[in-house]
Amino acid sequence: MFPRRSLSWPITLGVVMIVLLVAILVGWVLLAVFGALSDRNLQGFYWILLSVGSAFLVFVLVGVIMYLTLTVKAFNLNRRQSNFIDSVTHELKSPIASLKLYLQTLTRHQVSDEERESFCRYMLEDVERLDQLINHLLDAARLERARIASELEDVELTDVLRQCAETTCLRYHVPADTVTLDVEPCVVHAARVDLDLIFRNLIDNAVKYAGSEPRVNVTLRMADDDRTVTRIADNGRGVPNELRRKIFGRFVRLGKELERDTPGTGLGLYIVRTLVSRLRGSVRVHDVKGGTGTMFEVQLPGRAAAVPTIQTKSILPPKEAEVA
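Described below are features of the structure shown in this document. Note that the structure is predicted; figures quoted are calculated from it, not measured.

What counts, and where the lines are drawn
- Residues numbered from 1 in each chain as written.
- Predicted model: local features only at pLDDT ≥ 70, side-chain atom pairs only at ≥ 80, totals over all residues.
- Heavy atoms only, no water.
- Helix = DSSP H or I, 4+ residues; strand = E, 2+ residues; numbered from the N terminus.
- Contact = heavy atoms within 4.5 Å.
- Areas by Shrake-Rupley, 256 points an atom, 1.4 Å probe, with all protein chains shown as cover.
- Buried < 20%, exposed > 50% of the residue type's maximum accessible area, 1.4 Å probe, protein only.
- Pairing = 2+ DSSP bridges.
- Axes fitted to C-alpha atoms, helices over the stretch in contact; angles between N-to-C directions.
- Phe/Tyr/Trp six-rings, centres within 6.5 Å; stacked < 30°, edge-to-face > 60°.
- Lys NZ or Arg CZ within 6 Å of the ring centre and 35° of its normal.
- Left-handed = near helix turned anticlockwise from the far one by under 90°.
- Salt bridge = Lys/Arg side-chain N within 4 Å of Asp/Glu carboxyl O.
- Core = buried A, V, L, I, M, F, W, Y, C linked by side-chain atoms within 4.5 Å.

**Brief notes about the overall build of the protein**
Phase 1 of the analysis: Along its length, the protein carries seven helices and nine strands.
Phase 2 of the analysis: Sequence-distant contacts in the protein: of pairs separated by 6 or more residues, those separated by 24 or more amount to 73%.
Phase 3 of the analysis: Accessible surface, the protein: about 19,600 Å² in total, of which carbon and sulfur atoms supply 60%.

Here you go:
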């Protein structure tokens, strides 16, 4: 882990330098003006000196402001990268330690068939957790590659949302009706894998950060301006207003990394924002009306599909939902 550096020192230094430069600039102006008025013969020289000096000081002032801005950005990036290293280290160490413990138990002790089956199930969950982490890192690395025309197709957004919801419920071992869908058939021209990444990350976050009894509602509507509007709302603690723009940054996670009880790398919302922007869409964060939680609204260019409106209360058919 890297030490957390404070931003107070570079900010204070930058502010002091700016104040000093402004004071020097004002003093130079007053000196030049008074000197020019006292000596008519040197008036042209003083004005030249004033112009050159003022231009130089303005240049230095702009440089100091740029230095302060870049310093703050560098420290913020260092903090996010340190946060990212903490999270990845934790995400790697926890399942590896768990796998090691189960394997040592199986090799050194006699266990019943029921215990062996339970151990295998837990080890499979740890492997899936590692696989999810690696896929997340690979997804973020592939963002720099632009999609080619052959990869784009007309994708039924309803199917994508239903599959993402089902996958998320299976991953977190929650009932199928944890994620409810209220959708209209809409089509978006994009790479299906991009849409899957967008909504899988959003629905995954909604379930992960929801309340003790998670409830996630997904709605899909067609707007009047040929844009699909998808809203994903949860019943969690919500996101403070002042942090709603920051959460889309790379490696950003709220709070201290080692004090969290939820896995993650801080790349999910960065992937969402990058892909939505690439599709000429927008993503916003709102409060849930009439309750606690967060609602993410994604708008993408699209069109209505020529099939009847579908409204479901569960991601599974009735018989399967009853069994679940």
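**Points about the environment of Val58**
Phase 1 of the analysis: One can find Val58 in helix H2 (residues 43–108).
Phase 2 of the analysis: Taking relative accessible area as the criterion, Val58 reaches 41% and is therefore assigned partly exposed.
Phase 3 of the analysis: For the pair Val58 and Leu21, spaced 37 residues apart in sequence, the C-alpha separation works out to 8.6 Å.

**Points about the sheet that holds strand E3 (residues 186–190)**
Phase 1 of the analysis: Within the open sheet, the three strands sit side by side as E1-E3-E8. Their pairing is antiparallel. Here the strands that pair on one side only, and so sit at the sheet edges, are strand E1 (153–156) and strand E8 (303–304).
Phase 2 of the analysis: As judged from the four bridges shared by E1 and E3, these two strands associate in the antiparallel manner. Bridge assignment links Glu156 to a residue of E3, and that residue is Val187.
Phase 3 of the analysis: Across the face of the sheet, helix H4 (residues 157–172) comes into contact with E1 and E3 while running at roughly 55 degrees to E1.

**Examining the pairing of E3**
The side chains of a regular strand alternate between both faces of the sheet.
Phase 1 of the analysis: Across the five residues of E3, four count as buried, placing the element largely inside the fold.
Phase 2 of the analysis: Where E3 meets E8, two bridges bridge the pair, whose relative direction is antiparallel. Looking across to E8, one finds that Cys186 is bridged to Ala304.

**Here's the deal with the packing of aromatic side chains**
Phase 1 of the analysis: Evaluation of the coordinates by the stated rule reveals three aromatic pairs.
Phase 2 of the analysis: Between Tyr102 and Phe119, the ring centres sit 5.0 Å apart and the planes meet at 40 degrees, which makes this aromatic pair tilted. Linking Tyr102 in helix H2 with Phe119 in helix H3 (residues 113–141), this pair joins segments that are 17 residues apart in sequence. Considered together, Tyr102 and Phe119 belong to a single accessibility category, that of buried residues.
Phase 3 of the analysis: Considering the side-chain rings of Phe248 and Phe296, the 6.2 Å spacing of their centres and the 80 degrees angle between planes classify their relative orientation as edge-to-face. With Phe248 in the loop between strand E5 (227–233) and helix H6 (268–278) and Phe296 in strand E7 (residues 294–301), this residue pair connects regions lying 48 residues apart in the sequence.
Phase 4 of the analysis: Joined through ring pairs, the aromatic side chains of Tyr102, Phe119 and Tyr122 make up one cluster.
Phase 5 of the analysis: The aromatic ring of Tyr122 is capped on one face by Arg121, whose charged end is 5.3 Å from the ring centroid.

**Considering the environment of Val229**
Phase 1 of the analysis: Along the chain, Val229 falls in strand E5.
Phase 2 of the analysis: Once residues within four sequence positions are removed from consideration, Val229 is found in contact with Thr219, Leu220, Arg221, Ala223, Glu297, Val298 and Gln299.

**Observations regarding the packing of helix H5 (residues 192–208) against H6**
Phase 1 of the analysis: Put simply, H5 and H6 touch, their axes get as near as 9 Å, and they point 140 degrees apart. Crossing geometry of H5 relative to H6 is assigned as left-handed. Taking contact as the criterion, the partners of Asp194, Leu197, Ile198, Asn201, Leu202 and Asn205 in H5 are, on H6, Gly268, Leu269, Ile271, Val272, Leu275 and Val276.

**Describing the pattern of salt bridges**
Phase 1 of the analysis: Across all of its chains, the model carries ten salt bridges by this definition.
Phase 2 of the analysis: Here Asp182 ties to Arg221 by a salt bridge, and the two come within 3.0 Å at their closest N and O atoms. Taken together, the residues Asp182 in strand E2 (residues 179–183) and Arg221 in strand E4 (residues 216–222) connect sequence positions 39 residues apart.
Phase 3 of the analysis: The salt bridge involving Glu184 is made with Arg221; its shortest N-O contact spans 3.7 Å. One end of the pair, Glu184, is in the loop between E2 and E3; the other, Arg221, is in strand E4, with 37 residues separating them in the sequence.

**Digging into the nonpolar core**
Phase 1 of the analysis: Ranked by size, the top nonpolar core spans 40 residues in total, and within it Val179, Leu195, Phe199 and Leu202 carry the most contacts.
Phase 2 of the analysis: Those elements that provide at least two residues to this core are H4, E2, E3, H5, E4, H6, strand E6 (282–287) and E7.
Phase 3 of the analysis: In terms of residues, this core owes the most to one element, H5, which gives eight residues.
Phase 4 of the analysis: Counting residues in each nonpolar core, the second largest holds six residues, with Leu99, Tyr102, Val111 and Phe119 among its members.

**Thoughts on the pairing of E5**
Phase 1 of the analysis: Counted residue by residue, E5 has six buried out of seven residues, so it is predominantly covered.
Phase 2 of the analysis: Sheet topology note: the E4/E5 ladder contains six bridges and is antiparallel. Bridging from a neighbouring strand, Thr219 pairs with Arg231 of E5.
Phase 3 of the analysis: Counted between consecutive antiparallel strands, the loop separating E4 from E5 contains four residues, among which Asp226 sits at a positive phi close to 55 degrees.
Phase 4 of the analysis: Across seven bridges, E5 lies against E7 in antiparallel orientation. Residue pairing in the sheet places Arg231 in a bridge with Glu297 of E7.

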